[in-house]
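Okay, here's what each chain looks like letter by letter:
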Amino acid sequence: MALETYQAKRNFGATPEPRGAKGRSPGNSFVIQKHDATRLHYDFRLEMDGVLKSWAVTRGPSLNPEDKRLAVHVEDHPLSYGDFEGIIPKGQYGGGTVIVWDRGTWTPLGDAKKAYRKGHIEFELDGEKLKGRWHLVRMHGQPGEKHENWLLIKGDDTEARHDGKDILKQRPESAKTGRRIEEVAKNPTDTWNSKPKGDGKAVAAKTKKAGRQIHDWPKGARKAAMPDFVEPTLAKLKAKPPAGDGWIHEIKFDGYRLQIRIENGEVKMLTRTGLDWTEKFGKDIADAFKALPIQSAIMDGELVVEQDSGASDFSALQQDLSQRRYDRFVFYTFDLIYLDGHDLRDVPLIERKRLLEKMLPAGNDKLRYSEHFDENGSLVLDHVCRLSLEGVVSKQRDSTYTSGRRGEWIKAKCSQRQELVIGGYVPSTSMKNAIGSLAMGFYDNGKLKHVGRVGTGYTATVAQDLYERLSKIEQEENSFDDRLTPEERRELVYVKPELVAEVEFRAWSSDDKLRHAAFRGLREDKLAKDVVREMEKTTAKNLPKSTVTLTHPDRIYWPDEGVTKEGLVNYYAQVWRFMEPYVVNRPLALLRLPDGVEGHQRFFQKHAWKGMNENIEQITDPKDRGGEKLLRITDFDGVVALVQSAVLEIHPWGTTTDSWEKPDMITMDLDPGGEVPWESVIAAALEIKERLEAEGLAGFVKTSGGKGLHVVTPLKPKAGWAEVKAFAKRLADSMAAENPDRYIAKATKAERTGKIFIDYLRNGRGNTAVAAYSTRARPGATVSMPLEWSELTADIGPAYFTVDNTPPRLDALPKDPWDGFFAAAKPLEKRKR
DNA sequence: GACGTGA
DNA sequence: TCACGTCAACGCCGA
DNA sequence: TCGGCG
């Protein structure tokens, strides 16, 4: 065991975990000793009351689990001295903003990739005894900045924490800093740009219509050329609309969000991501826009198909689209971004809408102006819901038009109501002779299906009244056709299914239970036998069911898309039959975000943890028998358990646990650097495919759900990790060598602009790549989507498929896009290794 | 998300 | 009781 | 040998 010593360049002192402290000795340097030849390398900086008191460059141990002991020897230092030999706190924590006390203000330094160490420190400074804690973090830094490691120290009372939350609490006056922190803390997002590049060649104006004269442009309007695609404002999903005068409320449409661009007499309709879908929607809408007395404009709105009730209907819309039936389309315009030479994005919303209303002819049956309401938000929602509309979108009256989701727009959805049969009750625990909750059901083919309990919505009088009536019709036997779980049966008293109640609820859950149900009264006029489910079951398909309990099924994981924990389970239920072979019986690495994609927590996990759901299996790495247990799932319950654990990305090894040492697939990750056109990424994927086929191997392609594409090769498990990785490296290297202007096989960021990084490093032992059909923990609820090669066109970007649009896609597919994946597996032959 | 720990 | 911390880690490449 | 990258 080699023992190496490194000397600090200057003074430094640290005494982690007091229990680890051992002895002290004078001297004049900070020495850190390393056992074994594991890599050691950490930089420390020591910040005290705004002054850089001292600093040191040291080296620490790698996080090799075997290498947990660190010996530190600190000598003759004004701050601290002593030896310690202690257990290094294992692991690190990920993410967050690092803040330092710098010249009198808290300054965010940037994102901490991880904090490696922390500990306590006691020291004397100018005769004063001080206590503190230290953190060592590794910095992301800003682009172009030097990357540094910082040790943050403050006294006990004002310890600098890695996420800055406490600091903000203590220093409310630093609101400015707070915003900066927010910004810095924001994850650098996807740089993939699916916007069409402004199409360059201007189409000659056919007929120049007389533009409507606007003499007094509202304040904020800027003379400007028409911008390219403007990323739409997105609404954040909230439980109810915001209160206050600053908000206006519009009806929420259930259709396709489109950006209308009128330019040189041409009308274009772009989707949320900027794809040109003008052709998809027939001529009617485009013609209606063409007829407007406008020279150029960008408008924001939604294409819908209205039911008779006036509610928009997404499924009808999709039906019409697939049947090329265009006559029922109606376009609701709700925002005006650009008009006749003026950029209106900085104009307050209310003014934009005023202008928009003037532009749109009243009484047009194709184009409508989306009216808004000034009343109290909850009132509007109530009203809207009573009309069986979907919900409301609330917008800040004076907000400018900003791309993305910033909370200026908030959407709230309506609840549903329906009559249900009371099949039992649970006595109240707080009141005598009153019910606490009701067990409800509906009839399906003459059988009473249990849909869960309704435990709210009663006044005390009603609860007593119900008890009075229900206790008279008690019965021994189960009133429901279903076998209830012990939890569902707990305290339950069955009654003859005679009474009908109206119940309000937010949604049906995947297993046909009520969500957020509230009692709204008895329906004396209804016969129990007539109570059936009002809303068509959306799926008659044979979806896998899970017994895993979801806590907080309403937890929102993707606020923009409104994808909840339960929604994610539904997604996996739909894709499971396709996804299963790529995730079961493989060691897994997980990316977990308990607070969703916008939350502050985000961490990888590859080892088992305490309290882990029993449907996630703990397995032993045969190469590391004494080590921590790795993870595996074997069935649908396993994925649901992952979702319950807030796993938003699933990264399996490229092997099954049946043959740990022999991978059954190769994943080549094509990661385009900046300014690489999407067509080039497609070309790269095709080139890899050809090269693989030249070697007698098959290639399958999937979107990454992020920026690029993955080309995956099935293998007969024969060659070992080293050989497979060497093959992958050779493939990447040869492509980079032959086309150095297009490809690069190494991760050097600076050289990657304009090139595609062919990442072969996912093919080593213990390395992972995101699973087919796994969601990605990024905005948009995107998924990694297997494609047939013929589907790989410019229309489909790397982040095109999402939790929302994937199930309909899979339904429409004649077969698995990766049909025959494992059948196409060939062993990696010796000569190719 | 679930656990352990220290205040 | 509450607030906080913890949850991966290694080879490769260029300077 | 170090920092930076996935």
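Residues numbered from 1 in each chain as written. Chains lettered and ligands numbered in written order. Predicted model: local features only at pLDDT ≥ 70, side-chain atom pairs only at ≥ 80, totals over all residues. Heavy atoms only, no water.

Identification of chain A as DNA ligase (ATP) from Rhizobium sullae is taken from an unreviewed UniProt entry. Quoted verbatim from the Cofactor (unreviewed entry) heading of the UniProt record, the comment on chain A is "Mn(2+)". Here chain A is described in UniProt, under the heading Catalytic activity (unreviewed entry), as follows: "ATP + (deoxyribonucleotide)n-3'-hydroxyl + 5'-phospho-(deoxyribonucleotide)m = (deoxyribonucleotide)n+m + AMP + diphosphate." (UniProt positions renumbered as here; feature names shortened; annotations may be inferred.)

Now for the protein's contact with DNA strand B. Taken together, 13 residues lie around DNA strand B, and Y557, K565, P594, Q601 and Q644 are the ones closest in. Protein-adjacent atoms of DNA strand B, using a 4 Å cutoff, are sugar or phosphate at a proportion of 64%. Residue Y557 places a side-chain N or O atom 2.9 Å away from a phosphate oxygen belonging to DNA strand B. Side-chain polar atom of R592 to a base nitrogen of DNA strand B: 3.2 Å apart, as the coordinates give it. Partitioned by chemical class, the residues of the surface near DNA strand B number four nonpolar, five polar and four charged. (Near = heavy atom within 4 Å. Polar contact = N/O pair within 3.5 Å; in protein donor to acceptor, adjacent residues only side chain to side chain. Nonpolar A, V, L, I, M, F, W, Y, C, P; charged D, E, K, R; others polar.)

On to helix α12 (residues 721–738), then. For α12, with 18 residues, the first-to-last C-alpha span of 26 Å sits near the 26 Å given by 1.5 Å per residue. Regarding α12, the residues found buried are W721, V724, F727, A728, L731, A732, M735 and A736. Projected down its long axis, α12 carries its buried residues within an arc of 165°, all on one side. Residues A722, A737 and E738 are exposed on α12 and point more than 90 degrees away from its buried face. (Helix = DSSP H or I, 4+ residues; strand = E, 2+ residues; numbered from the N terminus. Expected span 1.5 Å × (residues − 1). Buried < 20%, exposed > 50% of the residue type's maximum accessible area, 1.4 Å probe, protein only. Arc of directions from axis to C-beta.)

Enumeration according to the criterion identifies 24 aromatic pairs in this entry. Ring centres of Y401 and W409 lie 6.4 Å apart, and the angle between their planes is 90°; on these two criteria the pair is classed as edge-to-face. We note that Y401, like W409, is buried. Look at Y425 and Y467: their rings are 5.7 Å apart centre to centre, the planes differ by 85°, and that puts the pair in the edge-to-face class. Within this pair, whereas Y425 is found in strand β24 (residues 416–427), its partner Y467 is found in helix α7 (residues 460–470), the two being separated by 42 residues in sequence. Its end group placed over the ring of W409, K395 keeps NZ or CZ at 3.8 Å from the ring centre. Sitting over the ring of F801, R809 keeps its end group 4.6 Å from the ring centre. (Phe/Tyr/Trp six-rings, centres within 6.5 Å; stacked < 30°, edge-to-face > 60°. Lys NZ or Arg CZ within 6 Å of the ring centre and 35° of its normal.)

Okay, the nonpolar core next. Across soluble globular proteins, you tend to see nonpolar side chains buried next to one another. Counting residues in each nonpolar core, the largest one holds 89 residues, and the members touching the most others are Y572 and M668. Here this core gets 11 residues from one element, more than from any other, and that element is helix α9 (residues 565–583). The residue makeup of this core includes at least three contributed by each of domain 4 (563–652) and domain 5 (665–824). Residues within four places of M668 in sequence aside, it is in contact with I688, L709, H710, V711, A728, L731, A732, I758, D759, Y760 and N763. One finds V421, L484, W508 and L514 within the second-largest nonpolar core, a separate group that totals 36 residues. (Core = buried A, V, L, I, M, F, W, Y, C linked by side-chain atoms within 4.5 Å. Domains from an automatic or database assignment. Contact = heavy atoms within 4.5 Å.)

A separate point is the pattern of salt bridges. Enumeration according to the criterion identifies 31 salt bridges in this entry. Residue D343 is joined to R222 by a salt bridge in which the shortest nitrogen-to-oxygen separation is 3.6 Å. Of this pair, D343 sits in strand β19 (residues 342–343) while R222 sits in strand β12 (residues 222–223), and the two are 121 residues apart along the sequence. Note that R222 and D346 form a salt bridge whose closest N and O atoms lie 3.3 Å from each other. In this pair, R222 is assigned in strand β12 and D346 in the loop between β19 and α5 (349–359), connecting sequence segments 124 residues apart. Accessibility expressed as a relative area gives 37% for R222, which makes it partly exposed. One network of salt bridges, with partners in common, ties together R222, D343, R345 and D346. (Salt bridge = Lys/Arg side-chain N within 4 Å of Asp/Glu carboxyl O.)

Peptide bonds are mostly trans, and most non-glycine residues show a negative phi. For N264, which is not a glycine, the phi torsion comes out positive at approximately 50°. As for its position among the elements, N264 is in the loop between β15 (256–263) and β16 (266–270). Here N264 falls in the partly exposed class, since its relative accessible area comes to 29%. Located in the positive-phi region is Y773, a residue other than glycine, with phi close to 75°. Considering the arrangement of structural elements, one finds Y773 in the loop between β43 (756–759) and β44 (786–787). By relative accessible area, Y773 is classed as buried at 1%.

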